[in-house]
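Here are the chains, one letter per residue:
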Amino acid sequence: MLTLTDLTKRYSTGDRALTQVSLHIPEGQVVALIGPSGAGKSTLIRCVNRLVEPTEGRITLSNTELTSLSSRQLRCARRRMGMIFQEYALIDRLTVMENVLSGYLGYTGFWRSFLRRYPQPVVSEAFRLLQRVGLEPFIDKRADELSGGQRQRVGIARALLQSPEILLVDEPTASLDPKTSRQIMRLIKELCAERRLAAIINIHDVALAQLFADRIIGLRAGEIVFDGLPDQLDAEILTRIYGEEDWNTAAEPEAEIESDLEAVDTRVQTDAAGLKRSVPAVGAV
Amino acid sequence: MPVRYPDHSTNLADARWKLHTTRKQILIWLAWLLGISLFLLCWKQISDNTMWVFVEDAPRQGADLISRMLPPEWSYAHLLWKPLWDTITIATLGTLLGIAMAFPCAFLAARNTTPHGLIRSAALMVIVSSRSINSLIWAMLLVTILGPGILAGIIAIALRSIGFVGKLLYEAIEEIHPTPVEAIAATGASRMQVMSYGVLPQVMPAFAGISIYRWDINIRESTVLGLVGAGGIGLQLNAAINTLAWDKVSIIFILIFATVLVSEYISAKVRKAFI
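Peer 1: Report on the overall build of chain A, specifying residues and quantitative values.
Peer 2: Of the regular secondary structure elements, chain A holds 11 helices and 12 strands. A buried classification covers 49% of the 285 residues belonging to chain A. In chain A, once contacts between residues fewer than 6 apart in sequence are set aside, the share between residues at least 24 apart is 67%. As displayed, chain A has an accessible area near 13900 Å², and 49% of this comes from carbon and sulfur atoms.

Have a look at this one:
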């Protein structure tokens, strides 16, 4: 459904963010994109809807070649791709309903949207979506009155009102607490299943990625270094994606905090000048 | 910034830290010395050019002026309501007209919303030329072109307001959060829709605050426009001063003061409501 071919992005500063990335995502597949900060995860999903212009390569969304579209055609193509952001990217001073309805902007004219005269079927759909994400009581609240998790739900409803074919999700949980993070990821996963939506989810939290994605892609310095199933991730592959680190302590499924602290303690030594320096863990794997 | 180890020691406990290098410290002292010398030099220059006999006489002259102003000629007040109303009209309509022109100008001048670099330069040009000329001078020019009266005053106030509102508004536009704008663009919204949903709500409080602040300033500025014949209470003020009718001058001052006080109160209320 979505195919990237030899996608390359060089920023004007000369930094190579992506180098010849090729991948194919079939309909309904939820892909987690993991990798260290600066690996090009955000650049990759922003290239897909051309918030960032790719330097080379092709992007095809269900037979539409995206990189060569005129601005009018791009507008139409963007309606088919819903985007969800890390800091929610809501319009703070507008109400929850207005924020959700802004997902319909690509389908409507300026004055209709300026005067908030949306067609009744769209408003009904917005109501349904708000009910689905559990925000019915907050419809007339301003977006900045909501909690982080609630705001992200508004962001999700906005993206879904576009009736997209694919969701581009940029660090959906980075500003949320662990419980809310899981709820949001579960919601995204369920909605993708309900609507047969594909999704690319940038995420830092490897455990969440394993839990909720169908497929994991590891990006390092702008190149794909891993592409496989969630249960294939092990210490060796994490080292390939993120670099050397003692993955075994972090990868324990129910690691107790106390034993974790002890493990850290044994690696801390006190040197002659009285300065504490942690000695890098040796033999990570 | 510089960390030094005295006596070739490499022990961390001996490390010394200062904010500036010695060289930078000396430069800072020299800059202060230069600044203070310049201030004293200017002081002397001004003092040499002042006729101190007049200054010594100042308290007596001041007291004399005040005694002529008191008591104010209250009966003159009923002739002032019309010019006072004109003054408020000039300020309000001038502000509205100025805002209407400054609003698109600001969007064309802000780096993140301008359609093209050349258009941005043109918009900045408009803003700078409007700001560089005082409304009293605009009024003088317009009275020669349009003839004396309220219209010249309104346009003078409007022209001066474009620059003020335009500059502050385009700075506010440049400081908005970029991600909501990105999010609106990502829905497939058109350029104008991105402005109305992504940018406008973010700058609305600033826009309201700036406009009301300019209206407040314009009330004060329009009281003097009459001095050059552009309508309002300044005309009466000019006439009263020219005929040395100081008791009339004082009543005009009192009315202006009261008007400014009321406008200050209103703008504080409105600003609170918008933020």
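Peer 1: Which residues make up the overall build of chain B, and what are the values?
Peer 2: Looking only at helices and strands, one finds 10 helices and 2 strands in chain B. N-terminal to C-terminal, the α/β element order of chain B is β-β-α-α-α-α-α-α-α-α-α-α. For chain B, the proportion of its 275 residues judged to be buried stands at 40%. Surface exposure of chain B reaches about 16200 Å², of which carbon and sulfur atoms provide 72%. Charge centroids of chain B, computed over 21 positive and 16 negative side chains, lie 7 Å from each other.

Peer 1: Tell me about a nonpolar patch on the surface, residues and numbers included.
Peer 2: Where nonpolar side chains cluster on the molecular surface, the patch consists of W29(B), W32(B), I36(B), F39(B), L40(B) and W43(B) and spans about 820 Å² of accessible area. In this structure, W29(B) sits in helix α1 (residues 22-48).

Peer 1: With reference to specific residues and values, describe the sheet that holds strand β1 (residues 2-10) of chain A.
Peer 2: In a beta sheet, neighbouring strands pair by backbone hydrogen bonds and run either parallel or antiparallel. Residues and elements named next belong to chain A. A sheet is described by the order of its strands in space; here 4 strands give the open sequence β2-β1-β4-β5, paired in antiparallel fashion. The open sheet has two edge strands, β2 (16-25) and β5 (64-65), and neither has a second partner. In this sheet, β2 lies alongside β1 in antiparallel orientation, the contact comprising 6 bridges. Paired with K9 across the bridge in β2 is L18. Its contacts with the sheet place helix α1 (residues 41-48) against β1, β2 and β4 (56-61), and it is angled at close to 120 degrees to β1.

Peer 1: A description of the sheet that holds strand β8 (residues 198-202) of chain A should follow, citing residues and the corresponding values.
Peer 2: Residue and element names in this part refer to chain A. The strand order β6-β7-β8-β3-β9-β10 describes an open sheet built from 6 strands, whose pairing is mixed. In this open sheet, the two strands that pair with only one neighbour each are β6 (81-84) and β10 (223-228). Taking each pair of neighbouring strands and ignoring which way they run, the sheet shows an average axis angle of 20 degrees. In the sheet, strand β3 (residues 30-34) pairs with β8 via 4 bridges, with the strands oriented parallel. Residue pairing for β8: V30 is matched across the bridge by A199.

Peer 1: Can you lay out the confidence of the model for chain B for me, pointing to particular residues and giving the numbers?
Peer 2: Taken over all residues, the pLDDT of chain B has a mean of 88, while the share at 70 or more is 97%. Per the prediction output, this complex has pTM 0.79; the corresponding ipTM is 0.82.

Peer 1: I'd like to hear about helix α2 (residues 52-69) of chain B, residue by residue, with values.
Peer 2: Compared with the 26 Å implied by 1.5 Å per residue over 18 residues, the 26 Å span of α2(B) between its first and last C-alpha is a close match. The largest bend in α2(B) is about 50 degrees, located at A58(B), with the proline P59(B) one to four residues further on.

Peer 1: An account of the domain arrangement of chain B is needed here, citing residue identities and associated values.
Peer 2: Each assigned domain of chain B is listed with its residue range as follows: domain 1 (3-48) and domain 2 (80-274). One C-alpha centre belongs to domain 1 of chain B, the other to domain 2 of chain B; they are set 44 Å apart.

Peer 1: Provide a residue-level description of the nonpolar core, including the pertinent values.
Peer 2: Formed by 87 residues in total, the largest nonpolar core has its most connected members in L167(A) and L233(A). A per-element tally of this core places helix α8 (residues 191-225) of chain B first, with 9 residues. For L167(A), the residues in contact, after removing those within four places along its chain, are G82(A), I84(A), A159(A), L160(A), I188(A), C192(A), L197(A), A198(A), A199(A) and I200(A). The next biggest cluster of nonpolar side chains, apart from the first, holds 34 residues, and it includes I25(A), L44(A), L69(A) and F85(A).

Peer 1: How would you summarise helix α6 (residues 148-161) of chain A if you had to cite specific residues and measurements?
Peer 2: Helix length check: α6(A) (14 residues) gives 20 Å between terminal C-alpha atoms against 20 Å at 1.5 Å per residue, within 8%. Taken across its 14 residues, α6(A) has 12 buried, putting it largely inside the fold. Within the sequence span of α6(A), burial applies to G149(A), R151(A), Q152(A), R153(A), V154(A), G155(A), I156(A), A157(A), R158(A), A159(A), L160(A) and L161(A). Those residues of α6(A) that are buried are in contact with β6, α3 (96-101), α5 (120-132), β7 (166-170) and α7 (178-195) of chain A together with α7 (178-186) of chain B. Just past α6(A), the residue S163(A) takes up positive phi, approximately 40 degrees.

Peer 1: Give me the pattern of salt bridges: which residues, what numbers.
Peer 2: Two side chains carrying opposite charge are able to pair once their charged atoms lie near each other. A full pass over the atoms with the stated rule returns 24 salt bridges over all chains. E190(A) is the salt-bridge partner of R132(A), the closest N and O atoms lying 3.1 Å from each other. Placement of the pair is R132(A) in helix α5 and E190(A) in helix α7, with a sequence separation of 58 residues. Overall, the relative accessible area of 35% leaves E190(A) in the partly exposed class. The partner of D216(B) in a salt bridge is R220(B), and the shortest N-O contact between them spans 3.3 Å. Within this pair, D216(B) and its partner R220(B) are both found in helix α8, separated by 4 residues, close to a single helical turn. Where salt bridges share partners, they join R46(A), D170(A) and E182(B) into one cluster.

Peer 1: Go over the packing of aromatic side chains, please, and point to the residues and values.
Peer 2: All names here are of chain A. Per the stated rule, a full pass over the model turns up 9 aromatic pairs over all chains. The interplanar angle of 70 degrees and the centroid separation of 6.2 Å between the aromatic rings of Y104 and Y118 together place this pair among those described as edge-to-face. Note that Y104 is positioned in the loop between α3 and α4 (110-114) and Y118 in the loop between α4 and α5, a separation of 14 residues in sequence. An identical accessibility class is assigned to Y104 and Y118; each is buried.

Peer 1: Tell me about the pairing of strand β9 (residues 215-220) of chain A, and please be specific about residues and values.
Peer 2: Residue and element names in this part refer to chain A. Most of β9 is tucked away: 5 of the 6 residues are buried. Note: β3 against β9, 4 bridges, orientation parallel. Paired with L33 across the bridge in β9 is I217. Of the pairings in the sheet, the one linking β9 to β10 comprises 5 bridges and is antiparallel in character. Within β10, the residue paired with G218 across the bridge is F226. Between β9 and the antiparallel strand that follows it, β10, lie 2 residues; A221 among them carries a positive phi value of about 50 degrees.

Rules and cut-offs
- Residues numbered from 1 in each chain as written.
- Chains lettered and ligands numbered in written order.
- Predicted model: local features only at pLDDT ≥ 70, side-chain atom pairs only at ≥ 80, totals over all residues.
- Heavy atoms only, no water.
- Helix = DSSP H or I, 4+ residues; strand = E, 2+ residues; numbered from the N terminus.
- Buried < 20%, exposed > 50% of the residue type's maximum accessible area, 1.4 Å probe, protein only.
- Contact = heavy atoms within 4.5 Å.
- Areas by Shrake-Rupley, 256 points an atom, 1.4 Å probe, with all protein chains shown as cover.
- Lys, Arg positive; Asp, Glu negative; His and termini not counted.
- Charge placed at Lys NZ, Arg CZ, Asp CG, Glu CD.
- Patch = residues over 30% accessible without salt bridge, like charges linked within 9 Å, V, L, I, M, F, W, Y side chains within 5 Å.
- Salt bridge = Lys/Arg side-chain N within 4 Å of Asp/Glu carboxyl O.
- Pairing = 2+ DSSP bridges.
- Axes fitted to C-alpha atoms, helices over the stretch in contact; angles between N-to-C directions.
- pLDDT = per-residue confidence, 0-100.
- Expected span 1.5 Å × (residues − 1).
- Bend = angle between axes of the 7 residues up to and from the residue.
- Domains from an automatic or database assignment.
- Core = buried A, V, L, I, M, F, W, Y, C linked by side-chain atoms within 4.5 Å.
- Phe/Tyr/Trp six-rings, centres within 6.5 Å; stacked < 30°, edge-to-face > 60°.

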